[in-house]
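# Results of the structural survey
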Amino acid sequence: MSDAAAILAIANNQTHQDTTQYPAGHASENDPNVLVDDKHRIIGLRNPQPGDLPTTATDEQPRLWPEIQSLIETHIHNQPRSQQVELGPSELGTTCVHCLAAKLAGWPRQNRQAAWLPFIGTSVHAQFEQLFPALNEQGFDDTGKGIRFETEKKVTVGHLSGLYGGYDIGGHIDLYDRWNKATADWKVTGTSTLRSAKANGPSQQYRIQASLYGIGLDNENEPIERCCIYFLPRNGISLNDAVTWESDWDPRPGRWALARAQLLVNFMDVIEQADGPEVRDAWISLLPKATDHCFDCGSWPDDGTLNEFNDSNKAVVPDKWKQLIPLLDPQYSGATA
Ligand SMILES: [Zn+2]
């Protein structure tokens, strides 16, 4: 065998070994995007760095993607959560009085981008919804009271009523663990929310949501003692990055949020009866917005340039209605569990 032939044979052999060890699509420790420990075991993937990849892999414009993107976004827009009009337990505890009032008044939304990040969360919820009931002991249980896990358990946490009708505030508990008398709520979150949850615990909105779920269970005489909120990393490589919060159930924050929403409905009814919907809408525009992050700020007609709202913003709000505004606390100031 010549030298050249020998080198070729070794190279062929190595190529063959490589493909055997790392089939197509499998991470290789030699890949610059793969993180390895000091024993060369693969422990994860490097986060993409700016400039890693062009946004299109070739110079050609995508031909199929626009339709596929539109199909996915239409699906997301048609999700029940995107079309929800009535308020749910996850919204009542917000520190953004302005957006709470806008929702209660049924303001129309401006065009919103398809909610891709919530869709990822919804997809994780769908997996867990299947997982936990499958772990229940199987067998006949005519009362259902012996069942340990229930997912997406429907509860009614309270009722709002106004001059134009009212509705029950219903919600779905991500996981109810009847044996431990506990609720669990999954929050699939990005890095900054994880960091904030670790430093400060869950937001007021999340704590009040948990309190309301307990109220809903208590309304049905289901046992409830503990509330859990689990922040699951959207970008982490393992659940070791999860941030957890578990607390004794306290109904007081939930009751406060229900009372505040009812007060808002009453105020808006009184203003509308006296001075009409234009003044009511102008009053809503004066309500304080959240100083921390609010998912809804920026999605309302009074944030944009729609003419009808510019007109209604010109409505003069009498001082007596302005004096109601400080009665609507953004923050729950009562005892926390
Ligand atoms: Zn807001």
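Residues numbered from 1 in each chain as written. Predicted model: local features only at pLDDT ≥ 70, side-chain atom pairs only at ≥ 80, totals over all residues. Heavy atoms only, no water.

### A look at the coordination of the zinc ion
- Bound to the zinc ion on the protein side are Cys96 (SG), Cys99 (SG), Cys294 (SG) and Cys297 (SG), at distances that span 2.2 to 2.3 Å.
- In this structure, the zinc ion is coordinated by four donor atoms arranged in tetrahedral fashion, with angles at the metal of 103 to 113 degrees.
- We note that the donor set of the zinc ion lies within a single chain, spaced as C-x2-C-x194-C-x2-C. Here Cys294 lies in the loop between helix H10 (277-286) and helix H11 (307-313) and Cys99 lies in helix H5 (residues 97-104), a separation of 195 residues in the sequence. Both residues of the pair, Cys99 and Cys294, belong to the buried class. (Donors = N, O, S within 2.8 Å, 3.2 Å for Na, K, Ca; no water. Tetrahedral: all angles 85-135°; square planar, octahedral: opposite > 155°, others 65-115°. Helix = DSSP H or I, 4+ residues; strand = E, 2+ residues; numbered from the N terminus. Buried < 20%, exposed > 50% of the residue type's maximum accessible area, 1.4 Å probe, protein only.)

### A short note on the nonpolar core
- Within the largest apolar cluster, 56 residues are counted, with the highest numbers of intra-cluster contacts made by Leu92, Leu104, Leu264, Trp283, Ile284 and Leu287.
- A total of nine residues in this core trace back to one element, the largest contributor, which is helix H9 (residues 252-275).
- With residues up to four places along the chain from it excluded, the contact list for Leu104 reads Leu87, Leu160, Tyr167, Ala261, Leu264, Val265 and Met268.
- Grouped together as the second largest cluster of nonpolar side chains are nine residues, Phe132, Leu175, Trp186 and Leu232 included. (Core = buried A, V, L, I, M, F, W, Y, C linked by side-chain atoms within 4.5 Å. Contact = heavy atoms within 4.5 Å.)

### Some points on the packing of H9 against H10
- Packing of H9 against H10 brings their axes to within 7 Å, and their N-to-C directions diverge by 140 degrees. The pairing of H9 with H10 is recorded here as oblique in orientation. When the axes of H9 and H10 are compared, the crossing they make is right-handed. Taken together, the residues of H10 that come into contact with H9 (itself represented by Leu264, Phe267, Met268, Ile271, Glu272 and Asp275) are Pro277, Val279, Arg280, Trp283 and Ile284.
- Here the contact of H9 with H10 is built from residues that sort into eight nonpolar, no polar and three charged. (Axes fitted to C-alpha atoms, helices over the stretch in contact; angles between N-to-C directions. Parallel < 35°, antiparallel > 145°, perpendicular 65-115°, else oblique. Left-handed = near helix turned anticlockwise from the far one by under 90°. Nonpolar A, V, L, I, M, F, W, Y, C, P; charged D, E, K, R; others polar.)

### A look at H5
- Within H5, eight of the eight residues are buried, which leaves the element mostly enclosed by the surrounding structure.
- Those residues of H5 that fall on the buried side of the exposure criterion are Val97, His98, Cys99, Leu100, Ala101, Ala102, Lys103 and Leu104.
- Buried positions along H5 lie against helix H4 (89-92), strand E3 (149-162), strand E4 (165-177), H9 and H10.
- Directly after H5, the chain includes Gly106, whose backbone phi takes a positive value near 75 degrees.

These results come straight from atomic positions and should not be treated as a statement about function.
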